[in-house]
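Observations on chain architecture
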Amino acid sequence: MRMDLRRNVSLRNQIEQNGLLIIAVAMALIYWIFDSMVTDQFWTRLLVVVLIFTYGMMTQFLINQRREAEEALQHAHDELEERVQIRTAELSRANEELQREIRERKQAEEQKKKLENQLLHAQKMEAIGTLAGGIAHDFNNLLQAISGYTQLLLMRKDSSDPDYGKLEVIQTSTLKASELTKQLLIFSRKMESKLKPLDLNHEVMQVCKILQRTIPRMITIDLKLSENLKVVNADSAQLEQILMNLGVNARDAMADGGTLTFQTENVYLDRGYTTSMLGATPGEYILLTVSDTGHGMDKETLQHIFEPFYTTKEAGKGTGLGLAIVYGIVQNHNGYIQVDSRPGGGTTFRIYFPVLKSDGTEKSAESKAPADAPRGKERVLLVDDEKTVLDIGQDLLRQYGYETLLADGGEKAIEIYRKEKDRIDLVILDLIMPGMGGQKCFQELVKINPKIKVIISTGASAEEQVREAFNPHPVGFVSKPYQLKDMLTKVREVLDAKMP
Ligand SMILES: Nc1ncnc2c1ncn2[C@@H]1O[C@H](COP(=O)(O)OP(=O)(O)O)[C@@H](O)[C@H]1O
Ligand SMILES: [Mg+2]
């Protein structure tokens with residue numbers, strides 16, 4: 001069918017192309033027949049016929065020529081059109097590619113800048129942390145002396161003594177001061193976190209109960225807690241502190257009322273996301289969002305909020321430690337914190353905690369201090385570069401029946417231990433001392449007696465870290481400023497422990 005059609009078409013073309021020629025031949029033949037009936041001038045007729053025929057042929061030839069030229073032109077035009085279209089498409093594709101590259105480069109530059117800013121901020125916080133940690137550490141030693149002597153004096157005095165009340169005030173002030181240094185130590189990450197598997201929702205509800213009682217009624221608390229929230233490895237008290245500090249700040253920001261929202265959810269941070277968070281690795285996280293509809297913050301304030309003692313509140317209202325502590329705790333939990341805020345537009349804090357892997361469960365040992373401090377008769381070598389710490393320790397241990405030897409540094413301790421090792425039952429060793437330092441001293445002591453019993457005392461105790469350094473030798477730890485009772489309990493505990 002299609003073949004026939006094509007043949008028909010070509011026949012028609014043939015007729016069309018040679019149309020004039022055919023008409024000319026036909027006219028010549030008609031003339032011939034007509035004329036032959038009228039005259040008999042053969043040569044004249046032949047000439048006329050040939051002339052008509054030649055004319056037809058030439059005209060037809062010219063027409064065909066022109067048609068072919070037109071067709072060629074049309075063809076060339078079509079081809080050109082097509083090429084122009086292809087080229088235009090190519091150009092617009094290249095243009096799109098270029099636009100995309102420009103966009104990507106711009107994004108990469110913005111991200112680089114963001115990361116640089118984060119790095120600068122992290123370095124600044126690190127420096128402040130070191131400074132604050134150092135101050136807190138020295139302060140702790142001083143507080144240890146004040147608190148120790150006060151406790152000793154209180155032990156010797158009767159409650160009817162006129163000085164008794166004053167001494168108690170000194171003692172409670174010391175406790176408050178040591179609370180402050182503790183907070184600085186949390187910020188500088190020198191405070192240990194007691195991590196255990198936790199349900200963040202539970203902590204949020206716990207804190208909300210307290211907040212509900214303490215914040216004004218015109219502030220509504222809204223909870224959006226995910227039902228199947230994964231488990232985090234966290235320090236319960238520290239998590240509550242984060243929630244309280246953020247909650248209290250939100251309250252302060254909403255003097256005329258508003259909404260405080262706590263939200264929890266499981267999230268997965270992919271590489272695309274973590275590349276814009278300094279030091280973050282992709283993986284599963286629990287996202288805690290705390291937001292308020294309060295007065296918000298300007299850029300200048302935002303840059304400083306995590307610094308200790310930075311506050312915009314009037315004297316007596318803010319300590320400037322709230323967010324510094326939040327920052328330190330989040331860092332201690334290997335988490336990340338972000339904040340979004342603008343003046344008049346409320347504030348949102350986002351905290352990402354890594355999800356606890358199912359095999360990573362940890363047990364936490366909770367010990368209770370006994371009602372009264374235990375006594376003993378053993379001989380204890382006290383090692384500390386602070387004379388007051390040595391004196392207090394000596395006083396205390398003697399009061400509870402122990403004998404004491406004192407060394408004001410690692411070198412001295414080794415010298416004494418070498419001479420008296422059979423008569424020394426326990427060494428209480430300060431970790432941070434000038435000279436050889438506690439850790440080196442410990443290693444030397446273990447060389448002299450592998451079964452030596454030691455308590456490490458340290459002001460800045462990141463206990464897990466320290467414990468690691470003394471592995472596998474079992475030692476006890478006390479962190480300064482210690483309560484005397486805790487120290488005595490620990491002394492008994494280590495002395496009574498069976499060595500492997
Ligand atoms: N939710 C919030 N809304 C507005 N500003 C806030 C918020 N949280 C913190 N800030 C700002 O950050 C500063 C530091 O907060 P913080 O470290 O808790 O110290 P403090 O609350 O004692 O001032 C506050 O003084 C305040 O200016
Ligand atoms: Mg605060």
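Sequence positions are assigned chain by chain, starting from 1 and proceeding in written order. To label them, take the chains in the order written and letter them from A, then take the ligands in the order written and number them from 1. Note on the predicted model: pLDDT of at least 70 is required for a residue's local features to be given, and 80 or more for side-chain atom pairs to be given and counted; whole-chain, interface and lining totals, by contrast, use all residues. Remark: hydrogens and water are excluded; side-chain values derive from all non-hydrogen atoms of the structure.

Observations concerning the overall build of the protein chain
Secondary structure follows DSSP: runs of H or I at least 4 residues long count as helices, runs of E at least 2 residues long count as strands, and numbering of each begins at the N terminus. Looking only at helices and strands, the protein chain has 14 helices and twelve strands in total. Computation of the radius of gyration draws on C-alpha atoms alone. For the globule rule, the value is 2.2 Å times the number of residues to the power 0.38. For 500 residues, the compact-globule formula gives about 23 Å, and the C-alpha radius of gyration of the protein chain, at 47 Å, lies well above that figure. Contact definition: two residues touch when any of their heavy atoms are within 4.5 Å. Sequence-distant contacts in the protein chain: of pairs separated by 6 or more residues, those separated by 24 or more amount to 74%. Note on areas: Shrake-Rupley with a 1.4 Å probe; residue coverage comes only from the protein chains shown. Working note: accessible area of the protein chain is about 30,500 Å², and carbon and sulfur atoms make up 55% of it. Positive and negative side-chain charges of the protein chain, numbering 62 and 69 respectively, have mean locations separated by a distance of 4 Å. The sign given to each residue is positive for Lys and Arg and negative for Asp and Glu; His and the chain ends receive no count. Here the site of a charge means NZ on Lys, CZ on Arg, CG on Asp, or CD on Glu.

Thoughts on helix 5 (residues 200–214)
Multiplying 1.5 Å by the helix residue count minus one yields the expected span of that helix. Between its terminal C-alpha atoms helix 5 stretches 21 Å, which fits the 21 Å expected from 15 residues at 1.5 Å a residue. Relative accessibility decides the category of a residue: with a 1.4 Å probe and only protein chains considered, values under 20% of the type maximum give buried, values over 50% give exposed, and everything between is partly exposed. Buried residues of helix 5: L200, N201, E203, V204, V207, C208 and L211, and no others. Looking straight down helix 5, one finds that the buried residues subtend no more than 150° of arc, so they occupy a single side. For helix 5, the elements touching its buried residues are strand 1 (196–198), strand 2 (219–225), helix 6 (236–253), strand 4 (258–269), strand 5 (283–292) and strand 7 (347–354). Polar contact criterion, stated in full: a pair of N or O atoms within 3.5 Å, where within protein one must be able to donate a hydrogen and the other to accept it, and residues adjacent in sequence count only if both atoms are side-chain atoms. Measuring from the side-chain oxygen of the N-cap residue of helix 5 to the backbone nitrogen of N201 gives 3.1 Å; that N-cap residue is D199. Arc definition: it is the arc formed by the directions from the helix axis to the C-beta atoms.

Description of unusual backbone geometry
One non-glycine residue, F309, lies in the positive phi region at around 70°. Note that F309 resides in the loop between helix 8 (299–302) and helix 9 (322–332). For N334, which is not a glycine, the phi torsion comes out positive at approximately 55°. Structurally, the position occupied by N334 is in the loop between helix 9 and strand 6 (336–341). Of the residues examined, N334 reaches a relative accessible area of 57% and is grouped as exposed.

Comments concerning helix 4 (residues 164–187)
The end-to-end C-alpha distance of helix 4, which contains 24 residues, comes to 35 Å, matching closely the 34 Å that a straight helix rising 1.5 Å per residue would cover. Those residues of helix 4 lying buried are Y164, L167, Q171, T174, S178, T181, Q183, L184, L185, I186 and F187. R189 occupies a position one or two residues after helix 4 and carries a positive phi of about 60°.

Some remarks on the site of ligand 1
In the neighbourhood of ligand 1, 19 residues make up the surrounding shell, with T311, T312, K313, G320 and L323 lying closest. Within the side chain of D292, one N or O atom sits 2.8 Å away from a nitrogen atom of ligand 1. A distance of 2.5 Å separates an oxygen atom of ligand 1 from a polar atom in the side chain of T311. In the complex, 95% of the free accessible area of ligand 1, which totals 530 Å², lies under the protein chains. Taken together, the elements giving at least two residues each to the shell around ligand 1 come down to helix 6 and helix 9. Note on terminology: near, applied to a residue and a molecule or strand, indicates that one of the residue's heavy atoms is within 4 Å of it.

Some remarks on the nonpolar core
What is meant by a nonpolar core is a set of buried Ala, Val, Leu, Ile, Met, Phe, Trp, Tyr and Cys residues, joined one to another through side-chain atoms within 4.5 Å. Formed by 46 residues in total, the largest nonpolar core has its most connected members in I242, L260, F262 and I351. If one sorts the elements of this core by residue count, helix 9 sits on top with seven residues. In this structure, I351 is in contact with I242, L246, I286, L287, L288, V326, V330, Y336 and I337, ignoring residues within four places of it in sequence.

Some points on the sheet that holds strand 9 (residues 403–407)
Across the sheet, five strands lie side by side as 9-8-10-11-12; this open sheet has parallel pairing. Edge positions in the open sheet fall to strand 9 and strand 12 (476–479), since each of these has one partner strand only. Ignoring which end each strand starts from, the neighbouring axes of this sheet average 20° apart. Here a strand pair is declared whenever DSSP counts at least two bridges between the two strands. Inspection of the sheet shows strand 11 (residues 454–458) paired to strand 12 by four bridges, in the parallel sense. For I456, the partnering residue across the bridge sits in strand 12 and is F477. Interaxial angles span 0 to 180 degrees and are taken between N-to-C directions of axes, which are lines fitted to C-alpha atoms, for helices over the stretch in contact.

Things to note about the packing of aromatic side chains
To describe a pair of aromatic rings, one takes the distance between the centres and the angle between the planes. To pair, rings of Phe, Tyr and Trp, with the six-membered ring standing in for Trp, must have centres within 6.5 Å; the planes then decide the type, stacked if under 30 degrees apart, edge-to-face if over 60, and tilted in the middle. Summed over the entire model, instances satisfying the criterion amount to three aromatic pairs. For the pair Y285 and Y352, a centre-to-centre distance of 6.4 Å together with 90° between the ring planes defines the contact as edge-to-face. Of the two residues, Y285 is situated in strand 5 and Y352 in strand 7; the sequence distance between them amounts to 67 residues. What makes Y352 buried here is its relative accessible area of 4%. On the numbers, 5.3 Å between centres and 40° between planes, the contact of F306 with Y327 is tilted. One end of the pair, F306, is in the loop between helix 8 and helix 9; the other, Y327, is in helix 9, and 21 residues separate them in sequence. Taken as a pair, F306 and Y327 share a single burial class, namely buried.

Topic: the domain arrangement of the protein chain
The extent of an interface is frequently quoted as the accessible surface area lost upon association of the parts. By convention here, the domain bounds are inherited from an automatic or database domain assignment. According to the domain assignment, the protein chain contains domain 1 (194–354) and domain 2 (379–496). For domain 1 versus domain 2, the separation of C-alpha centres amounts to 40 Å.

As for the pattern of salt bridges
As a working rule, side chains carrying opposite charge can pair if their charged atoms are close by. Definition used for salt bridges: Asp or Glu carboxyl oxygen within 4 Å of a side-chain nitrogen of Lys or Arg. Following the criterion strictly, the structure yields 21 salt bridges and no others. A salt bridge links R66 to E70; its shortest N-O distance comes to 3.6 Å. Of this pair, R66 and E70 both sit in helix 3 (residues 42–156), separated by four residues, roughly a single helical turn. A relative accessible area of 46% means that E70 is categorised as partly exposed. We note a salt bridge from K447 to E444, for which the minimum N-O separation is 3.3 Å.

Here's the deal with the sheet that holds strand 2
The strand order 2-4-5-7-6 describes an open sheet built from five strands, whose pairing is mixed. Because the sheet does not close on itself, it has two edges, and the strands there are strand 2 and strand 6. Put simply, the sheet's adjacent strands are angled 15° from each other on average, direction ignored. As judged from the seven bridges shared by strand 2 and strand 4, these two strands associate in the parallel manner. By the bridge assignment, I219 is partnered in strand 4 with G258. Where helix 5 meets the sheet, its contacts fall on strand 2, strand 4, strand 5 and strand 7, and the angle it forms with strand 2 comes to roughly 170°. Across the sheet, helix 9 lies against strand 6 and strand 7, angled at about 140° from strand 6, the strand it touches most.

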